Structure formats: C-alpha cells, structure tokens
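# Descriptive analysis of the structure
The primary structure of each chain is shown beneath.
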Amino acid sequence: MKEKSLAVILSSPALYLLWQAPFVRKKLAPFLVHNAGKRSAVILDVGCGPGTNVPHLLPLCDAYVGLDLSPDYIAHAARSFPGARFV
C-alpha cells in the first residue's frame, strides 16, 4: 500500500511539490550557506522534479537549467518558471 501511495504522489507534480515543501529549505541550507553572497553563471539542477528548488536557486544565478526524466515534471516546471530552462 505504501508503494501505491508513493507512486500516486510521484506521478503528480502538484502533489510532489506539496510533499517536498517542508524539506526544501533544509536540504538546500548547506548549499545556500556555502554560496552566501556569491552569484553563479549557471546552476545545473539534476533531478529538478517539477521545479522544487527553482525559487531558491534562480535568484542566485544568471541561468538555471533543470534536468529530469519525467516529462510531466519538466512541463510543470517550464510553465511555472518561464525564466529557467528545463530538459
């Protein structure tokens, strides 16, 4: 039953974003602290999902590129964050 519930969450970009919301800042905290005050030319986010990290990373770079295997996640991210590139 747990596998089925997880599959439902992972199949929906909106549900995945809700599921990840409480953890995003914590998982990015080491990166954000290490790069405080620095700007990157490009940030490559491998496994970007539906754009979970974009609001936190896009302001830190000149160009953001998100990669993911899920076409649904990529489509959702591209609609939500037109200033970024998703593949």
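Please read these numbers as outputs of a predicted model, since none were measured by experiment.

Here we take up the pattern of salt bridges. Inspection of every chain in the model, using the stated rule, returns 1 salt bridge. Among the salt bridges present, the one from Asp-62 reaches Arg-39, with a minimum N-O distance of 3.0 Å. Taken together, the residues Asp-62 in strand β2 (residues 61–67) and Arg-39 in the loop between α3 (24–34) and β1 (40–46) connect sequence positions 23 residues apart. For Asp-62, a relative accessible area of 59% gives the class exposed.

So, on to the pairing of β2. In this sheet, β2 lies alongside β1 in parallel orientation, the contact comprising 6 bridges. Looking at β2, one finds that Val-46 is bridged to Leu-67. Note that β2 and strand β3 (residues 85–86) share 2 bridges and pair parallel. Along β3, the bridge assignment pairs Gly-66 with Phe-86. At this point the chain moves from β2, through helix α5 (residues 71–80), to the parallel β3, and the crossover so formed is right-handed.

Criteria and cut-off values
- The numbering scheme is per chain: residues are counted from 1 as the chain's sequence reads.
- Side-chain atom pairs in this predicted model are given and counted only at pLDDT of 80 or more, local residue features only at pLDDT of at least 70, and totals for whole chains, interfaces and linings cover all residues.
- Each side-chain value is derived from all of the structure's non-hydrogen atoms; neither hydrogens nor water enter the calculation.
- One side-chain nitrogen of Lys or Arg within 4 Å of one carboxyl oxygen of Asp or Glu is enough to make a salt bridge.
- Numbering goes from the N terminus for both helices and strands, where a helix is a DSSP run of H or I of at least four residues and a strand is a run of E of at least two.
- Throughout this description, buried means an accessible area under 20% of the type-specific maximum (1.4 Å probe, protein chains only), exposed means over 50%, and partly exposed covers the range between.
- Two strands are said to pair when DSSP picks up at least two bridges between them.
- Seen with its strands pointing away from the viewer, a crossover is right-handed when the path leading from the first strand over the helix to the second is clockwise.

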